[in-house]
Amino acid sequence: MSEILLAGGAVLTPDGEVKADVTLSGGRVAAVEPVREGVGREIGAGRARAADRVIDLSGLVLGPGFVDIHAHLREPGQEWKEDIASGSAAAAAGGFTAVVAMPNTDPPTDSGHLARYISDRGRQVGLVEVAPAGCITAGLDGARLAHLDELFAAGVRVFTDDGMTVADAGLLRRAMEYLEARGGVIAQHAEDPGLSRGGHMHEGEVSSLLGMAGIPALAETVVAARDLALAELTGASYHIQHVSCAETVDLIRAAKAKGAPVTAEVTPHHLRFSDRHAASMDPVFKMYPPLRPPADAEALIEALREGVIDAAATDHAPHAAHEKDVPFEEAPKGVTGLETAFAAVRSALDPDPRLLFRRMSVAPAAIGALHRHGRWIEPGIPANLAAVAWDEEWTVEGFASRSSNSPFVGETLTGRVRYTFYEGRLTYELGNSGSRTPEVRGAP
Amino acid sequence: MSFLTTRGVPRKDLEELLDSADEFNRVLARPIPKVPALQGKLVANLFFEDSTRTRLSFERAARALSADVMNFSAAGSSAAKGESLKDTALTIRALGADLMVVRHKAAGAPRRIAAWTGRPVVNAGDGAHQHPTQGMLDALTLRQRFGGLDGLRVAIVGDIRHSRVARSNVFAFTALGAGVTLVAPRTLQPVSTGGWPVDATDDLDGVLGEVDVVYLLRIQAERGGLSVFPSLPEYVSRYGMTRDRFDRLPAEAVVLHPGPMNRGVEIDDAVAGHPRALVLDQVANGVAVRMAVLFRLLGGSG
Amino acid sequence: MSWPLRVLEDSVPLVMAAADVRKSLSRMAHEIVEGSRGEAPVLVGIHTRGVPLARRIASAIEGFAGSRAPVGALDIGLYRDDLASRPAMPLAATRLPVDITDRIVVLVDDVLYTGRTVRAAMDALNAFGRPAVIRLAVLVDRGHRQLPIRPDHVGKNLPTAASERVSVRLVEIDRGEDGVWIEPGAPGISGADGRV
């Protein structure tokens, strides 16, 4: 059994941040040994003789691996954009150890065998846990329930028609009632189709100047308000995906105050960019929900800091260059995000490490019921970890993802993923393109 | 350098372009209305959306400057066979185009083409965004009529929300000193007029007596499908330039329309044919303005 | 757009003073009338400094002959053969007050150098009509012709090196007094009044 010693990092334990040596063995954290000044190196040095590899984490923060509850891995059906292998590699490069794969594939993940195909492919690739999300409606048709029991049996815990909105309130209510008894969370892409029809960007000053049809913030808030009332009625766990505006934040805050089982996520790009960026008409700033005015971005940052928004999620949506490099109105929606998420959230919030890992690992793991992830580091937990250089500045370029439609290209961000460990194995190492090798053996 | 929008262009540059267009109008009035200025240059008209009159105007302008002209229209072309816009643009550049005139239904398409090809691009209409040569030819028409635009009161009437002409005119006219009022029902007004130096009203009859210029936009019948107004007759009853409304305008006021006109809808026959309807002056000025733009972008090393 | 006016250094050698310019124009005016054999010539100045020179010649003719010759202005910007190698310039007004067909047209410019400006001017004139005769009057002929063109009326022949600049200053356009100067130019850059 190979053993890796992670020496001298700032380790996020249940008791707080501790400078410690962490030993990984058998896919788990075997030991966490605080480093005492003066003798710390000796302990590490002693252990090193037993370990197959020692990795020096001095100056780095070691925390639970990130969990993305919202990524489009495009397999099956659109492998020219991404597949589970390339998407897993991108996730590992972003410090992720688990990814919830959205079900709007071709065919959509609306039945058990399709969900099992995705989790099996994820296991074969072996870089992150790929947890399939399942559709709420069959074939994403917005009319009939998907095979919810089959999906549940196949391990699906997140149910969503993401990309589309379950607009029929009666249908959504039945899905909530059914799943409330069964378990699992209903995740909604909240966008009223009547209000957003034909829209390409946030409806406001910029869209009016450009003559583009807009998507008002209201398209999100009317659905959110309705759904929160349904969640209250049914008692079902309800999750709002990619919150984009301040008004939705207020609705969530009010619902949580009443004790509703409600959670929410925000994407890193909605924290950093605004509709002012979309004014360039560069399709790399086109996504749904659209980038809102700067005041909304500020409200989202504050909500994520506060916890009104529980988690950051990437909405990683790869598109091939030939699809995205077209006029704005003809471009597909969505941007990639797995490889920039940590640094983008770190840069936007300037949080302490514990808060960041809570929003990017602990909370999303809880929402997605991914119990092997999102755990503060102590002996016995599955070794799903990320080591990050907290204050390193870097300029974004080049991706492990098959696509590079990222608005962060060329941006300078603070905080960089240096190592990712999935089930005790090193799955990513900055600057080492051979880091995808599933088994890492031998000391350097 | 490209000409993609009238928004944000300094007044001095707009005036210089109009001055130059005045000269080209004199060239066009000569016995031989042609100059050799752009001999050997190749102007490509890339029309991904039909517009015979705009294409003809650009073609006339390019030929009067002795440029060669290459026409590409989407129907029956490689675009219809699924070729990407980028590949089409790069192909046109490889064929030797020195400048591209681009009409496209998507806002920002001309700007993308300029970025892809590194060639100067003239925006001949992109979505509901801009049609800057239209804005300039309208400004020229008003300058000819009134001597200048300073203090002119202009009402732009119709489907402003979906109009690239309105956007081009608002920013050209106001930069040149005119005051603009947008007249339309709320559903045809821009959602936001933040950044637009204009007033807005839904009451055409309320402003008729105090404007120098009524600029009528074409009502596109296909918008009816979006239910932006109840019915065409109801639109006409509130916003149509009828003879009765025309008679209530100040004595010197003029009517402009970018064409093609829907007679009986936004403009009555009797108004369309009136000497104070400057529609054909607009068309004629279109050639001079486009000559000025082409000469500005190609008549020099940069 | 306006071109920045160049301020000449005191050390630059003056080759024609204001009085020299006046005398030369007066002589050229007489020559033009004699050469026209009783017909009234049309004076056409080439932008920029040819235009005031044409007006001055017309005034001089009026002074001694009693009748004023029609004066036009020509911008040759649309007829240049070197557009691609120059920055884009705004057009100046081209105005011909009379039909030039079958008339004697005298083109007037400040400096004759390569001859390309004059060639362009002749092309431009052809767009307006077919003159009986085109003559050329210049204040300074500095040599270095690149085309088979010669002036009919010259204020001053001024042998120069190609690297030198000849600068003409006229009160109508420039500051100060009339005058013509020769400036040493950077090698490889030649021209007068910005023309090549």
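Residues numbered from 1 in each chain as written. Chains lettered and ligands numbered in written order. Predicted model: local features only at pLDDT ≥ 70, side-chain atom pairs only at ≥ 80, totals over all residues. Heavy atoms only, no water.

1. Notes on the domain arrangement of chain A
Residues and elements named next belong to chain A.
Part 1 of the argument: As assigned here, chain A comprises domain 1 (3-62 + 379-436) and domain 2 (66-367).
Part 2 of the argument: Relative placement of domain 1 and domain 2: their C-alpha centres are 28 Å apart.
Part 3 of the argument: Facing the 39 residues of domain 1 at the interface are 47 residues of domain 2.
Part 4 of the argument: Both sides of the domain 1 and domain 2 interface together cover about 3300 Å² of buried area, and 62% of this is carbon and sulfur.
Part 5 of the argument: Considering only the side of domain 1, the residues that lose the most area to domain 2 are Trp390, Arg402 and Asn405, jointly responsible for 23% of the buried surface there.
Part 6 of the argument: Notably, a salt bridge pairs Asp83 with Arg402, separated by 3.0 Å at the nearest N-O pair.
Part 7 of the argument: Counting every contact that joins domain 1 to domain 2 gives 21 residue pairs in polar contact (both at pLDDT 80 or more).
Part 8 of the argument: Of all the elements in the fold, those that place two or more residues in the side of domain 1 that touches domain 2 are strand E1 (3-13), strand E2 (16-25), strand E16 (385-395), strand E17 (412-422) and strand E18 (425-429).
Part 9 of the argument: Class assignment of the residues belonging to the side of domain 1 that touches domain 2 gives a composition of 18 nonpolar, 14 polar and seven charged. (Domains from an automatic or database assignment. Contact = heavy atoms within 4.5 Å. Buried area = accessible area lost by both parts, 1.4 Å probe. Salt bridge = Lys/Arg side-chain N within 4 Å of Asp/Glu carboxyl O. Polar contact = N/O pair within 3.5 Å; in protein donor to acceptor, adjacent residues only side chain to side chain. Helix = DSSP H or I, 4+ residues; strand = E, 2+ residues; numbered from the N terminus. Nonpolar A, V, L, I, M, F, W, Y, C, P; charged D, E, K, R; others polar.)

2. Structural notes on the interface of chain C and chain B
Part 1 of the argument: Tallying the contact residues gives 20 residues for chain C and 21 residues for chain B.
Part 2 of the argument: Both faces combined, the contact of chain C with chain B buries some 1600 Å², and carbon together with sulfur accounts for 60% of it.
Part 3 of the argument: Of the charged contacts, one joins Arg95 of chain C and Glu23 of chain B as a salt bridge, the two residues approaching to 3.3 Å between their closest N and O atoms.
Part 4 of the argument: Put simply, chain C and chain B have four residue pairs in polar contact (both at pLDDT 80 or more) between them.
Part 5 of the argument: Within the side of chain C that touches chain B, the residues separate by chemical class into 14 nonpolar, four polar and two charged.

3. Examining the side chain of Thr221 of chain A
Part 1 of the argument: Summarising the element assignment, Thr221 of chain A is placed in helix H8 (residues 217-234).
Part 2 of the argument: For Thr221 of chain A, a relative accessible area of 9% translates into the label buried. (Buried < 20%, exposed > 50% of the residue type's maximum accessible area, 1.4 Å probe, protein only.)

4. Section: the interface of chain B and chain A
Part 1 of the argument: Across the boundary between the two partners, chain B contributes 22 residues, which contact 19 residues of chain A.
Part 2 of the argument: A combined buried area of about 1700 Å² lies between chain B and chain A, and 54% of that area is made up of carbon and sulfur atoms.
Part 3 of the argument: When residues of chain B are sorted by the area they lose upon contact with chain A, Ala107, Arg111 and Arg112 of chain B head the list and together hold 29% of the total.
Part 4 of the argument: Our count for the chain B to chain A interface comes out at eight residue pairs in polar contact (both at pLDDT 80 or more).
Part 5 of the argument: If you list the elements that add at least two residues to the side of chain B that touches chain A, you get helix H3 (85-94), helix H4 (109-117) and helix H6 (164-175) of chain B.
Part 6 of the argument: Sort the elements by how many residues they give to the side of chain B that touches chain A and H4 of chain B lands first, with four residues.
Part 7 of the argument: Tallied by class, the residues present in the side of chain B that touches chain A amount to 10 nonpolar, six polar and six charged.

5. Notes on the pattern of salt bridges
Part 1 of the argument: Under the definition given, this model contains 53 salt bridges over all chains.
Part 2 of the argument: One salt bridge in this structure joins Arg253 of chain A and Asp250 of chain A, with 3.2 Å as the shortest N-O distance. Of this pair, Arg253 of chain A and Asp250 of chain A both sit in helix H9 (residues 246-257), three residues apart, which is roughly one turn of that helix.
Part 3 of the argument: For Arg253 of chain A, a relative accessible area of 35% corresponds to the partly exposed category.
Part 4 of the argument: Between Arg150 of chain C and Asp152 of chain C there is a salt bridge; the shortest N-O distance is 3.3 Å.
Part 5 of the argument: Salt bridges sharing partners connect three or more residues here, namely Asp282 and Asp325 of chain A together with Lys86 and Arg112 of chain B.

6. Some details on the sheet that holds strand E6 (residues 153-157) of chain C
All names here are of chain C.
Part 1 of the argument: With respect to topology, five strands assemble into an open sheet ordered E3-E2-E4-E5-E6, the strand pairing being parallel. Strands at the two margins of the open sheet, each flanked by one partner only, are strand E3 (71-74) and E6. Averaged over all neighbouring strand pairs, the angle between strand axes comes to 25 degrees, with direction disregarded. (Pairing = 2+ DSSP bridges. Axes fitted to C-alpha atoms, helices over the stretch in contact; angles between N-to-C directions.)

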